[in-house]
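For reference, the chains in residue letters:
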Number of protein chains: 2
Amino acid sequence: MSATIKDVAERAGVSIATVSNVVNGSRFVSGDLAEKVHHAIKELGYQPNPLGRALRKGRSYTIALILPDHSNPFFVQVARGVDEQARRREYGLITCNTDEDPDLETFYVSSLLKRKVDGFVVAPTHRGAETLKPLIEHGAPLVVVDRCIAGMKVDEVFSDNEGGAYEATAYLVGLGHRSIGLIAGIPGISSIEDRVAGYRRALIEHDLPVDESLMAQGCSQIKEGASSAEVLLGKRGITAIFSTNNMMTLGALQCFKKLGVRCPDDVSLIGFDDSEWASAFTPSLTVVAQQAYEMGYSAGDLLFEAIGRGKETHSTRAIKLQTVLIPRESTARPPALRGKKEVHRATSSGGKNKPSASAKSGTRRSPR
Amino acid sequence: MSATIKDVAERAGVSIATVSNVVNGSRFVSGDLAEKVHHAIKELGYQPNPLGRALRKGRSYTIALILPDHSNPFFVQVARGVDEQARRREYGLITCNTDEDPDLETFYVSSLLKRKVDGFVVAPTHRGAETLKPLIEHGAPLVVVDRCIAGMKVDEVFSDNEGGAYEATAYLVGLGHRSIGLIAGIPGISSIEDRVAGYRRALIEHDLPVDESLMAQGCSQIKEGASSAEVLLGKRGITAIFSTNNMMTLGALQCFKKLGVRCPDDVSLIGFDDSEWASAFTPSLTVVAQQAYEMGYSAGDLLFEAIGRGKETHSTRAIKLQTVLIPRESTARPPALRGKKEVHRATSSGGKNKPSASAKSGTRRSPR
DNA sequence: CTGAAAGCGCTAACAC
DNA sequence: GTGTTAGCGCTTTCAG
C-alpha cells in the first residue's frame, strides 16, 4: 500500500538504518546522504508506520483518557485540555466514557492495557479505585483528575472543592439564608465529599446548625437532581439550595419548573460547575466555576512528564486548581428579608481555606 | 512484561502456530492440544498483543470518529452510538473534535491514516469534503454522518432535515404566525441547507412570503445564535423564530434574556435538536428532535459492514432517519391572536414529504 | 492435524 | 559515518 522504510532506502541507495536515523535523528548522518533520503521520502510520500515502531519500541504513542460522563460539559472541557496536549506531542488519544459504571471502567482499563497505551488520565468512578489496580500494578503512567483516590500515591489534578463549596455556602449565608439545603452527587467520590465538607464547614463557622435532613444524596444525574430537589423543597423553612454537580443542578431546575417554584423568589439556587447553558437560563445560574480546560491540560503535562521519565519511581505530584464564584440571578435574599438591607456576613472563602501550594499561577483557559 | 505467544507455546509444549490457531480458531486443533493451550493461557494470563497482530495483518482493529463539536449534546449522542458498536466488536475507537475547523479535520485525517485506522465515521466540516479526499483516494472505509457530501459516493446516515424543518415551520404557521425568522447555521453544510429548504417550502406551501431579510446566517455557535437573534428581533412584525441548530438556539435564548424579550409571549422559538437542558429551560423548548444515538449506531453498522467487505467495491447506502417534533412551552400563538381560537393549518410534515425508503423502522435509543 | 519459518515495518545493537 | 542483522509478537504459508 504505502511506502515502507525499505522502499525509501532502495530509492535513496542507502541502508534502512540510515533512513531510520534520518527520520528519528537518532544518529548523525552526513549531509550528503541525508539529502538523498529526504528526497526519496518526499518522492514516495513516505510516512513511518507507527505500528512497526510501536511493536519494536514497546510503546504505542497513544494515551488514554477515561471520563465518567461525556454529557457533562465539565468533562468535555477537561477532554479538550488533554486533547490539546496529546496533539502538541503528536500522540494519539483514545477517549472513553464510563457513564459512571465501574465495570465499564474495568473493561476499558484492561482493553487499553492490552493495546499498550502509554499512559492514562482518568477520573475514576470511585475513590476506592479497585478499577485502577491493574494499571498501578502494571506500572503504567497514570494521572487522576477531578477525583482523588484513597490509599495509592498517584499524580493528581483537582479543584479546591472544599474551598469552592465553602465559598458558595458562605455566599448564601451572606445573603441572609439560614436554612440551606444540599444536593450531593455520587457518594464515594472525593470531589463530592470535599464539597459536602466545605458546605458543612461554612455552616459551622457561621454558627448555623448542620441539619442532616437538609442533605440529599443522589447519583450526579439529572433525574436524581430533580428528586433530591423535590425532597428538599418539602422541608419547611428552606430558602436556598446548593447543588454540588452540574447535571443535578439541571435536575433541580426541572423540579422547580414542575412544582412551580420560583427561583430566586421562593428559593435560591447555586450550582457547582459553570456551563454554556448556565448563563442562558432564566434565571441565569449562580455557580462555582472550575478550571476544567486547565485541569485537563495540567493532567496532560504531568502524564507526559511521567511517560518521559519512564520506569523510574518519583514522588507524586498534586495540583490543586482554584474555583471561582460567579454570582448571577438564581441567588437572592430570602423572601422574609426581601427589601431589607443586606447583612454581608461572608463572601470570601474564609480563613481556614489556605491557598494551595502547588496551584499554577497562570490561568490558562480554553482557546474557544 | 506480559506473556507472549511464545511463552504460551513453551508452557503448553506446542508450537506457536498452534497457539495462534487456538486463539483465533483459524485452524482445527485437536481437543488434546487445545486443552493444554487453554490451560497455559490461563496460567500465564496471556493476552494477545494487538500491535503484533496489527502489524502482521495490516489493520489496527481501531476505527476513528471525527466530529465537529463535542460541546454539542447532539454529537455526544452520536458518539455514544458509534462507541457502542465499536465496543461490541472489540474495536478501539479514537474520537476527534475538529471544532468545525477544516484544517484540524485535515490534520486528523492524515494522522489517523498514518496510524492505519481501519475505518472512519465523520461529520465533515464542509460539504465540499476536500478534507476527506485523502481518505477516499486511499480507499479507507468511510461513513459520513449528519452531513452529506457533494460529488462523491459514500455511505451516509443523516436526518430528514428538510422534513423536520418543514414540520417546525408549519407548526408555527399553524399557531398563527405569519412572520417567521430563521436562524441558519454554518453555510455549506447539507444538514443546515436542507433545513433552510424545509423552512422555505413550508412558507411557500402555506402561501406566505419568503423574506430573505428574515433569514440570518451564523456559524452554529452560541455567540452567533445570539447575534442572529438580535438582528431578527429588530425586524418589525416578527413573532416567531426557527433556529436550525442546538447551540444557536442557546444563543437566541441568551439574546432574549439580554433584551428582555419574553418567550413565548413576545416571540415564539422553536429549535432543531433536543437536549437535556431544553426541557429544563423556562420556558421549556419546543424542538425538532433527531435520533442522534441511532445515527451513530447505524453509522457503525455500515462502517463495520464495509470493513468486513474489504476492498470490494459496493453500491453506497444512505440511511435517512425521521425527526420528531416535540411541542413544549416556547411556542404559542402570536400576541395579536392570543385568546382567539386557534386556526390549525398544519402540524404534520405535509404531503410532499415522502417517507424515506431506507429509514429503519425500529427506533433504537440511547440506553441511558 | 501440527510444526518450522518467513516476514509485517521498524529500531538498535553490533560490526566495519 | 554507515551497513548488516536480530528481533518486537503475531499470522500464515509451506512442509510434513
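Please read these numbers as outputs of a predicted model, since none were measured by experiment.

**Some details on the interface of chain B and chain A**
Each partner contributes residues to the interface: chain B has 50 residues there, and chain A has 50 residues. Between chain B and chain A, roughly 4500 Å² of surface is buried when both sides are summed, and carbon and sulfur atoms account for 53% of that area. Our enumeration of links across chain B and chain A arrives at six salt bridges. Inspection of the region where chain B meets chain A yields 20 residue pairs in polar contact (both at pLDDT 80 or more). At the level of secondary structure, the elements contributing two or more residues to the side of chain B that touches chain A comprise α4 (50-57), α5 (73-88), β2 (92-97), α6 (102-114) and α11 (246-259) of chain B. A breakdown of the residues in the side of chain B that touches chain A according to their chemical character gives 20 nonpolar, 17 polar and 13 charged.

**What about the relation of the copies chain B and chain A?**
In screw terms, the move from chain B to chain A is a rotation of 180° and a rise of 0.0 Å along the axis, fitting with an RMSD of 0.1 Å. Such a turn and shift between the copies fits a two-fold axis. Of the C-alpha atoms belonging to chain B, the one lying closest to the rotation axis is found on B:Ile94, 2.5 Å away. When the interface residues of chain B are mapped onto chain A, 100% of them again fall at the interface, so both copies present the same face.

**Digging into unusual backbone geometry**
Residues A:Thr282 and A:Pro283 are joined by a peptide bond in cis, for which omega reads 0°. With respect to the secondary-structure elements, A:Pro283 resides in the loop between β9 (268-272) and β10 (286-289). In this structure, the amide linkage connecting B:Cys263 to the following residue, B:Pro264, adopts the cis form with an omega of 5°. Of note, the phi angle at B:Ala129 is positive, near 60°, even though the residue is not glycine.

**Description of the protein's contact with DNA strand C**
As a matter of local geometry, DNA strand C sits amid 25 residues, with A:Ile5, A:Tyr46, A:Arg56, B:Thr18 and B:Ser30 nearest to it. Each atom of DNA strand C within 4 Å of the protein was assigned to sugar, phosphate or base; sugar and phosphate come to 63%. Within the side chain of A:Tyr46, one N or O atom sits 2.6 Å away from a phosphate oxygen of DNA strand C. At 3.1 Å from a base nitrogen of DNA strand C is found a main-chain nitrogen or oxygen belonging to A:Gly52. Breaking the surface near DNA strand C down by element, the ones donating at least two residues are α2 (16-24) and α4 (50-57) of chain A together with α2 (16-24) and α4 of chain B. Its residues assigned to classes, the surface near DNA strand C comprises 11 nonpolar, eight polar and six charged.

**Brief notes about the state of the cysteines**
Across all of its chains, the model carries zero disulfides over all chains by this definition. Here A:Cys96 stays unpaired: no disulfide links it, and the sulfur of B:Cys96, its closest cysteine neighbor, is 13 Å away. B:Cys263 forms no disulfide, and the closest cysteine sulfur to it belongs to B:Cys255, at a distance of 11 Å.

**Quick notes on the protein's contact with DNA strand D**
Of all residues adjacent to DNA strand D, which total 28 residues, the nearest are A:Thr18, A:Ser30, B:Ile5, B:Asn49 and B:Arg56. Among all atoms of DNA strand D positioned within 4 Å of the protein, those belonging to sugar or phosphate total 60%. Contact distances for DNA strand D include 3.0 Å between a phosphate oxygen and a side-chain N or O atom of B:Ser20. The contact in question runs from a phosphate oxygen of DNA strand D to an N or O atom on the side chain of B:Tyr46, over 2.7 Å. Tallying contributions element by element places α2(B) first for the surface near DNA strand D, with five residues. For the surface near DNA strand D, the class distribution of residues is 12 nonpolar, 10 polar and six charged.

**Brief notes about the packing of aromatic side chains**
Inspection of every chain in the model, using the stated rule, returns 15 aromatic pairs over all chains. For the pair A:Trp277 and A:Phe281, a centre-to-centre distance of 5.9 Å together with 75° between the ring planes defines the contact as edge-to-face. A relative accessible area of 5% places A:Trp277 in the buried class. Ring pairing ties together the aromatic residues A:Trp277, A:Phe281, B:Trp277 and B:Phe281, which thus form one cluster. Between the NZ or CZ atom of A:Arg195 and the centre of the ring of A:Phe272, over which it lies, the distance is 3.9 Å.

**What to know about the sheet that holds β9(A)**
Residue and element names in this part refer to chain A. Taking strand neighbours across the sheet as the criterion, the six strands line up as β7-β6-β8-β9-β10-β12 in an open arrangement whose pairing is mixed. Only two strands of the sheet have a single partner each, and these edge strands are β7 (215-217) and β12 (324-326). Within the sheet, the average angular offset between the axes of one strand and its neighbour, ignoring direction, is 15°. Inspection of the sheet shows strand β6 (residues 180-184) paired to β7 by three bridges, in the parallel sense.

**Some points on the environment of B:Gly218**
One can find B:Gly218 in the loop between β7 (215-217) and α10 (222-234). Taking the C-alpha atoms as reference points, B:Gly218 and B:Arg195, 23 residues apart in sequence, are found 14 Å from one another.

**A look at the pattern of salt bridges**
Enumeration over the complete set of coordinates arrives at 38 salt bridges over all chains. The shortest N-O distance in the salt bridge between B:Arg80 and A:Asp69 comes to 3.7 Å. Residue B:Arg80 is located in helix α5, and its partner A:Asp69 is located in the loop between β1 (62-67) and α5 (73-88); the two belong to separate chains. As far as burial versus exposure is concerned, B:Arg80 and A:Asp69 are alike and both buried. Between B:Glu212 and B:Arg200 there is a salt bridge, with the nearest N and O atoms lying 2.2 Å from each other. With B:Glu212 in the loop between α9 (190-205) and β7 and B:Arg200 in helix α9, this residue pair connects regions lying 12 residues apart in the sequence. According to the relative accessible area criterion, B:Glu212 is partly exposed, its value standing at 48%.

**Quick look at the domain arrangement of chain A**
Residue and element names in this part refer to chain A. The assigned domain composition of chain A is domain 1 (5-48), domain 2 (58-159 + 293-321) and domain 3 (161-289 + 323-353). Taken over C-alpha atoms, the centre of domain 2 sits 30 Å from the centre of domain 3. Contacts between the two partners involve 14 residues from domain 2, matched on the other side by 16 residues from domain 3. Where domain 2 abuts domain 3, roughly 1200 Å² becomes buried across the two surfaces, and 47% of that area is made up of carbon and sulfur atoms. Its largest share of buried area at the contact with domain 3, domain 2 owes to Pro73, Arg127 and Ser159, together 36% of the area lost on that side. On the surface where domain 2 and domain 3 come into contact, there are one salt bridge. One can count five residue pairs in polar contact (both at pLDDT 80 or more) joining domain 2 with domain 3. Tallied by class, the residues present in the side of domain 2 that touches domain 3 amount to four nonpolar, five polar and five charged.

**Examining the packing of α10(B) against α11(B)**
Residue and element names in this part refer to chain B. α11 packs onto α10 with a crossing angle of 55° between their chain directions and a minimal axis gap of 6 Å. As far as their axial angle goes, α11 and α10 are oblique. Pair α10 / α11 crosses with right-handed handedness. Seen from α10, the contacting residues are Ile222, Glu224, Gly225, Ala226, Ser228, Ala229, Glu230 and Leu233; seen from α11, they are Met247, Met248, Leu250, Gly251, Ala252, Gln254, Cys255, Phe256, Lys258 and Leu259.

**Digging into the sheet that holds β2(B)**
Residues and elements named next belong to chain B. Reading across from one edge, β2-β1-β3-β4-β5-β11 is the order of the six strands in this open sheet, with parallel pairing throughout. Every other strand in the sheet has two partners, leaving β2 and β11 (318-321) as the edge strands with one partner each. Across this sheet, the average inter-strand angle for adjacent strands is 15°, counted without regard to direction. Where strand β5 (residues 155-159) meets β11, four bridges bridge the pair, whose relative direction is parallel. Counterpart to Phe158 in the pairing with β11 is Lys320. Sitting on the sheet, α5 touches β1 (62-67), β2 and β3 (119-122), and the angle it makes with β1 is about 175°.

Cut-offs and rules
Residues numbered from 1 in each chain as written. Chains lettered and ligands numbered in written order. Predicted model: local features only at pLDDT ≥ 70, side-chain atom pairs only at ≥ 80, totals over all residues. Heavy atoms only, no water. Contact = heavy atoms within 4.5 Å. Buried area = accessible area lost by both parts, 1.4 Å probe. Salt bridge = Lys/Arg side-chain N within 4 Å of Asp/Glu carboxyl O. Polar contact = N/O pair within 3.5 Å; in protein donor to acceptor, adjacent residues only side chain to side chain. Helix = DSSP H or I, 4+ residues; strand = E, 2+ residues; numbered from the N terminus. Nonpolar A, V, L, I, M, F, W, Y, C, P; charged D, E, K, R; others polar. Least-squares fit on C-alpha atoms with pLDDT ≥ 70 in both. Near = heavy atom within 4 Å. Disulfide = S-S within 2.5 Å. Phe/Tyr/Trp six-rings, centres within 6.5 Å; stacked < 30°, edge-to-face > 60°. Buried < 20%, exposed > 50% of the residue type's maximum accessible area, 1.4 Å probe, protein only. Lys NZ or Arg CZ within 6 Å of the ring centre and 35° of its normal. Pairing = 2+ DSSP bridges. Axes fitted to C-alpha atoms, helices over the stretch in contact; angles between N-to-C directions. Domains from an automatic or database assignment. Parallel < 35°, antiparallel > 145°, perpendicular 65-115°, else oblique. Left-handed = near helix turned anticlockwise from the far one by under 90°.

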